[in-house]
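# Inside the fold
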Amino acid sequence: MSPEQQAALKKSVAIAAADYVAANLPKGSILGVGTGSTANLFIDALVPIREKIRGAVASSKATADKLTAIGIPLFDLNDVDVIPIYVDGADEIDPGFSMIKGGGGALTREKIIADVADQFVCIADDSKCVQTLGRFPLPIEVIPMAVAQVARAVSKLGGKPMLREGFMTDNGNQILDVSGLSVSDPVAFESTLNQIVGTVTNGLFARRGADVLLLGTAQGVNISRRA
């Protein structure tokens with residue numbers, strides 16, 4: 001797939017996601033919005049329906065800035081009781097709707113908002129679909145003083161961790177990107193990684209995977225729901 005074709009698929013699925021929000025977000029509700037290139041296109045697609053959205057909870061400063069620029073009010077998650085819909089992309093998604101996320105570095109806040117949301121809508125192009133997670137390096141957000149310790153622990157689990165150089169999360173932490181994995185049991189492996197002392201969270205979204213997948217393909221946008 002060429003970069004131009006992938007960009008076109010991302011734009012089509014972003015527009016479809018805005019249509020989905022327009023049809024399914026209850027009036028007066030707060031929308032959860034993720035981070036990344038597809039999420040940015042989704043925000044652009046919200047412009048025609050922004051008056052219908054009371055406000056949004058953003059998963060990153062970059063997303064917050066973009067939402068503010070189009071006139072959608074921001075809410076702190078601590079001031080919100082219910083998020084009916086959370087829309088975000090994925091770096092990989094498997095047939096069970098478990099995902100690897102965090103290529104943009106916002107995995108912890110994304111995971112928190114996803115946990116609060118009634119419905120997680122994943123928006124992706126079909127290049128992100130895999131049978132087994134692990135082709136895309138798995139991000140792990142780590143307390144800075146624990147980077148070496150977490151890297152050693154992950155190596156014992158078969159991963160090849162690499163520090164994301166020159167990057168700091170919005171939470172003031174660092175990220176290890178772990179390659180060489182084949183994640184056959186995402187729920188169990190997510191829990192295993194979270195038990196490593198010094199880990200804030202990891203980019204496996206399996207215990208709380210997507211509920212709905214809007215998938216951009218050459219034939220159009222397919223909508224499917226987790227079984």
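For every chain, the first residue of the written sequence is number 1, and numbering continues from 1 onward in sequence order. Totals for whole chains, interfaces and linings use all residues, but because this is a predicted model, local features are given only for residues with pLDDT of at least 70 and pairs of side-chain atoms are given and counted only at 80 or more. Side-chain figures throughout are based on the complete set of non-hydrogen atoms in the structure, without hydrogens or water.

Moving on, we get to helix α5 (residues 147-156). Residues spaced three or four apart along an α-helix point in a common direction, a consequence of the helix completing one turn every 3.6 residues. Among the residues of α5, Val147, Val150, Ala151, Ala153 and Val154 are the ones counted as buried. Seen end-on, α5 carries its buried residues on one side only, within an arc spanning 165°. Facing away from the buried side of α5, by more than 90 degrees, are the exposed residues Arg152 and Lys156. We call two residues in contact when some of their heavy atoms are within 4.5 Å. Comment: elements are numbered from the N terminus, with helices defined as DSSP H or I runs of at least four residues and strands as E runs of at least two. Looking at the buried residues of α5, the elements they touch are β7 (138-142), β8 (160-163), β9 (174-179), α6 (186-194) and β10 (199-202). At the C-terminal side of α5, Gly158 shows a positive phi close to 100°. Think of it in three bands: residues with accessible area under 20% of the maximum for their type are buried, residues over 50% are exposed, and the middle band is partly exposed, with areas taken using a 1.4 Å probe on protein chains only. Summarising the geometry, the arc corresponds to the directions from the helix axis toward the C-beta atoms.

This part takes up the packing of aromatic side chains. Only Phe, Tyr and Trp rings are paired, with Trp represented by its six-membered ring, and only when their centres lie within 6.5 Å; those with planes under 30 degrees apart are stacked, over 60 edge-to-face, the remainder tilted. In the structure shown here, the tally under the stated rule is two aromatic pairs. Ring geometry for Tyr86 against Phe120: centres 5.1 Å apart, planes inclined by 55°, an arrangement best described as tilted. Residue Tyr86 is located in strand β3 (residues 83-88), and its partner Phe120 is located in strand β6 (residues 117-125); the two are separated by 34 residues in the primary sequence. As far as the burial class goes, Tyr86 and Phe120 line up, both buried. Judged by its relative accessible area of 0%, Phe120 falls in the buried class.

Attention now moves to the side chain of Asp177. One can find Asp177 in strand β9. Since its relative accessible area comes to 17%, Asp177 is described here as buried. Among the polar contacts made by the side chain of Asp177, one reaches the side chain of Arg164 at a distance of 2.8 Å. In contact with Asp177, not counting residues within four places along its chain, are Pro137, Leu138, Pro139, Lys160, Pro161, Met162 and Arg164. Residues adjacent in sequence count toward polar contacts only when both atoms are side-chain atoms; beyond that, a polar contact is any pair of N or O atoms within 3.5 Å, and within protein one must be able to donate a hydrogen and the other to accept it.

Turning our attention to the packing of helix α2 (residues 37-45) against helix α3 (residues 61-69). To get an axis, a line is fitted to the C-alpha atoms, and for a helix only the part in contact is used. The angle between two axes follows their N-to-C directions and goes from 0 to 180 degrees. The geometry of α2 relative to α3 is characterised by a closest axis approach of 10 Å and an angle of 15° between their N-to-C directions. Of the possible angle classes, the one that applies to α2 and α3 is roughly parallel. You can see that α2 and α3 cross each other, and the crossing is right-handed. Contact with α2, carried on its side by Asn40, Ile43 and Asp44, involves Thr63, Lys66 and Leu67 of α3 and no other residues of that element. Put simply, Ala, Val, Leu, Ile, Met, Phe, Trp, Tyr, Cys and Pro go in the nonpolar bin, Asp, Glu, Lys and Arg in the charged bin, and everything else, Gly too, in the polar bin. Per-class residue counts for the contact of α2 with α3 are two nonpolar, two polar and two charged. In what follows, roughly perpendicular refers to angles from 65 to 115 degrees, roughly parallel to angles under 35, roughly antiparallel to angles over 145, and oblique to any angle outside these ranges. Left-handed describes a crossing whose near helix is turned anticlockwise from the far helix through less than a right angle; right-handed describes the clockwise counterpart.

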